[in-house]
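Residue-level structure breakdown
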Amino acid sequence: MLLNVLLGEVTPGGVGTGLYGILVLAVITMFLAGLMVGRTPEYLGKKLGRREVTAAAVSILAMPTVMLIGAGVTAVLPSTPDALGNPGPHGLSEILYAYASASNNNGSAFAGITVTSDWFQASLAVCMLLGRFVPIVAVLALAGSLAAQRKVPQTAGTLPTTGPLFATLLAGSVVLVAALTFVPALALGPVAEALL
Amino acid sequence: MNAESPQRTSVLIASLPDALRKLHPRDQVRNPVMFVVWVGSLLVTVFAIADPDVFTAAVAAWLWATVLFANLAEAVAEGRGKAQADSLRRTRNDAVARRLTAAGGEERVPGAELRVGDLVVVEAGEVVPGDGDVVEGIATVDESAITGESAPVVRESGGDRSAVTGGTTVLSDRIVVRVTTKPGETFVDRMIALVEGARRQKTPNEVALTILLSTLTIIFLLAVVALQPFAVYSGGEQSVIVLTALLVCLIPTTIGALLSAIGIAGMDRLVRRNVLATSGRAVEAAGDIDTLLLDKTGTITWGNRRATELIPVDGVDERTLAEAARLSSLADGTPEGRSVVELCVERYGLSTEATGHEKTGEFVPFSAQTRMSGIDLGDRRVRKGAASAFGIGDETRRIVAGISQDGGTPLVVAENDVVLGVIRLSDVVKPGLRERFAELRAMGIRTVMVTGDNPLTAKAIAAEAGVDDFLAEAKPEDKIALIRREQEGGRLVAMTGDGTNDAPALAQADVGVAMNSGTSAAKEAGNMVDLDSDPTKLIEIVEIGKQLLITRGALTTFSVANDLAKYFAILPAMFAAIHPQLGRLNVMQLATPQSAILSAVVFNALVIVVLIPLALRGVRYRPSGASALLRRNLLVYGLGGVVTPFAGIWLIDLLVRLIPGIG
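Bear in mind the structure is a predicted one, so any value in this text is a computation, not a measurement.

**Observations regarding the UniProt feature "binding site: ATP" (unreviewed entry) in chain B**
Residue and element names in this part refer to chain B. Residues given the UniProt feature "binding site: ATP" (unreviewed entry) here are D332, E336, F366, S367, A368, Q369, T370, R371, M372, S373 and K384. In this structure, S367 sits in the loop between β13 (362-364) and β14 (372-377). Residue position: K384 is located in strand β15 (residues 380-385). Setting aside anything within four residues of it in sequence, one finds K384 in contact with S328, S329, D332, G337, M372, S373, F390, L411, V412, V413 and I423.

**Topic: the interface of chain B and chain A**
The interface of chain B with chain A comprises 61 residues on the first partner and 58 residues on the second. Between chain B and chain A, roughly 5,000 Å² of surface is buried when both sides are summed, and carbon and sulfur atoms account for 75% of that area. Contact with chain A buries area across many residues of chain B, yet F230, Y233 and L630 of chain B alone supply 15% of it, more than any other trio. At the boundary of chain B with chain A, the tally comes to 0 salt bridges. Mapped by element, the contributors of at least two residues to the side of chain B that touches chain A are α8 (204-233), α16 (433-442), α18 (476-488), α21 (537-575) and α23 (626-656) of chain B. The leading source of residues in the side of chain B that touches chain A is α8 of chain B, at 19 residues. Class assignment for the residues of the side of chain B that touches chain A results in 36 nonpolar, 16 polar and 9 charged.

**A closer look at the confidence of the model for chain B**
All names here are of chain B. Per-residue pLDDT for chain B has a mean of 82; in total, 95% of the residues score no lower than 70. Of all secondary-structure elements in chain B, the lowest mean pLDDT belongs to helix α1 (residues 5-14), at 66, while helix α4 (residues 32-50) reaches the highest, 91. In the model, residues 1-5 has pLDDT below 50 throughout and makes 0 contacts with residues more than four positions away in sequence or in other chains.

**A closer look at the confidence of the model for chain A**
Per-residue pLDDT for chain A has a mean of 69; in total, 58% of the residues score no lower than 70. Predicted confidence in chain A is weakest over helix α1 (residues 2-6) of chain A, with a mean pLDDT of 53, and strongest over helix α3 (residues 50-76) of chain A, with 77.

**So, the nonpolar core**
By size, the foremost hydrophobic cluster in this structure holds 183 residues, and its most contacted members are F230, L292 and M528 of chain B. Element by element, the count of residues in this core is highest for α21 of chain B, at 19 residues. For this core, the two domains that each supply at least three residues are domain 1 (4-82 + 194-270 + 542-657) and domain 3 (275-300 + 430-531) of chain B. Filtering out sequence-adjacent residues up to four positions away, F230 of chain B remains in contact with L68, A71, G72, A75, L92, L96, A185 and L188 of chain A.

**Quick word on α23 of chain B**
Over its 31 residues, α23 of chain B runs 43 Å from end to end, which matches the ideal 45 Å to within 8%, given 1.5 Å per residue. When the local axis directions of α23 of chain B are compared, the greatest deviation, roughly 40°, occurs at G640 of chain B.

The rules we used
- Residues numbered from 1 in each chain as written.
- Chains lettered and ligands numbered in written order.
- Predicted model: local features only at pLDDT ≥ 70, side-chain atom pairs only at ≥ 80, totals over all residues.
- Heavy atoms only, no water.
- UniProt positions renumbered as here; feature names shortened; annotations may be inferred.
- Helix = DSSP H or I, 4+ residues; strand = E, 2+ residues; numbered from the N terminus.
- Contact = heavy atoms within 4.5 Å.
- Buried area = accessible area lost by both parts, 1.4 Å probe.
- Salt bridge = Lys/Arg side-chain N within 4 Å of Asp/Glu carboxyl O.
- Nonpolar A, V, L, I, M, F, W, Y, C, P; charged D, E, K, R; others polar.
- pLDDT = per-residue confidence, 0-100.
- Core = buried A, V, L, I, M, F, W, Y, C linked by side-chain atoms within 4.5 Å.
- Buried < 20%, exposed > 50% of the residue type's maximum accessible area, 1.4 Å probe, protein only.
- Domains from an automatic or database assignment.
- Expected span 1.5 Å × (residues − 1).
- Bend = angle between axes of the 7 residues up to and from the residue.

Right under this line is the structure:
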């Protein structure tokens, strides 16, 4: 479940942000794939230039930024251990889940963690605000920039965005971008827990 | 390893001083990824000095090596251009120009004082003082200083061969040149700036990729910085050295280090093929081309028509005609004449060389009055020439008309005023073009042939060459209209041209390749100049553009895919002390936490050096559809990028564990 939330809500059934999440990652995927076939990258007939990549980048950056900073500060606050229901790796999992969920999901928390202190209330609220609205603004900017472009006609040199190859590639970048961001933190929490 | 290796090693060593100079923060800050490594190296060095131990010193050394190797890649790429710039600079004239004064006299001024519009006289043995157009006279010019081609070329006033380049040498005759560029902005000056990379600006795709790489860097910076509080919480605070090592390994240093080298090398590959691009943007656009406009004459067909058929008339034996045709052309040095002899040799088994007897014949050259040429051999008077020059009968007239209608040129052969038959001269499609057009089609590029021929002839040649479309009876304005039409559909168009007529179309096209033999107007209008004046080179230019993008994409994929193995090396090493169960993730069985971290850092640095040749050469490019290309590159650079570091780090660890204090 935590893994799912961290992967950025792209699997179906998320809380409303799945489609744009995967579209942003599709933009990044097509950018790399486009380069690899030797053309200026394009997605759905729209060229991916500096502006589009910047918007996608901001959108991707927002969630990990607020989540990691929030969870990081929380982990070292002296008041934190009292709020946690469990010590050790599971406690860390609780913190990570709380911030991940606030930044990107429905704001729920594991049983055991008490998030009623002023710090938790304030920081989780900021996470919710920035983790949600910054990507929304960035995605709107991306959409605006793409919509303003003229469509490029398809040729044999155009990379198709259907079929198993594209699906694999997209899945790969979703896992890679998310995994590479959160693996260090996860290693100390859930992974250490699982391997216990 | 191959024979080039020793040479390559010496190039690396020769570029070392430049690489060291680039350690200056002013240079580093231009590349965000490497700047982070640079700051990290400085940080670890401070710790290494404050609290020396083997591990810290080794990490510091290898972090600096990472930065150095990145500089080395750029220095090697630039070094290739520098050598070329030096040899060009030598040709830059400090010669004295003979300027014509308004009074009609002549004055000697230094080449650097010439102004646009000045008229200068250049005679045999003198160097052309600046770029310009010949306004008077005709001369042979040695352009080897610029093009590397030793055969002299003819430059004459008027027409499409009037441009001369400063720094070239006039071999014969006397010409008057009107200067068209200011000193310091001449072709040679621009060329020097170009190959030195002095005016190198990031191309649009390079900018977008840099943003993506910076984003990844920021994400990893966050991930690593946030790791410390979690580690503190878990009771295993990490040293700054370990965290820096992790950060450097995770950020895309491989592509970050090689990015500028790839761009410089791409330009260099063009220069090596004697193509000068005015900007990197043009090279990149070449990779995106959707439609290629190709002139028929000189590009798709040989510039000269060739004999393709002998048609006898009035019951004349075909072989008799062939013998007469050969005889009439033996002493004819024109390409058409030679092609007649070749046809007779190929198809009728006649001899190429003149026999002793035939050598006694007297050559009758072509003249505008007689409109025929041939040979007088004893009492035989063999001639070939335009149909109107002979008294021809009905059958011959019909054949001649038929050949003309097909777009060919008929040449009548006669002996002692008796017509024997007709030679058909026609356009011959260059060999191998059909395959190249098929490759282009596979790449998604449409080829359009442009010709002044009538639609019927154009259609026949288009079908033979295998182009996708043709524009017949084309006037210059038709060409521009065609380009505009294609561009309105969102397509990028490339074309070649040499005449002043072509200039507007060259300017309109997204990639306009001007021939060096063409006018200065054409060269100004285009965004590339082909020094060899070979129009088919456009195809190579497209391939170089694509290769440039593919190399960037492939190395980025490789770089990011590498991170997986680095996590498996470093994370267990960092936290095995707090959570021993994480030791199970140590799949490479690295000896100690220190050796694991150091091995990852060493691999990260060495992989840059290993990939320098690939970055300079470009990844292999085979024309094929997008999906096939992606599948192949993903397999090689994606999967390869996941697997290689596992093997590499494991191997390096076997050595590193031998160092006392680490293993």
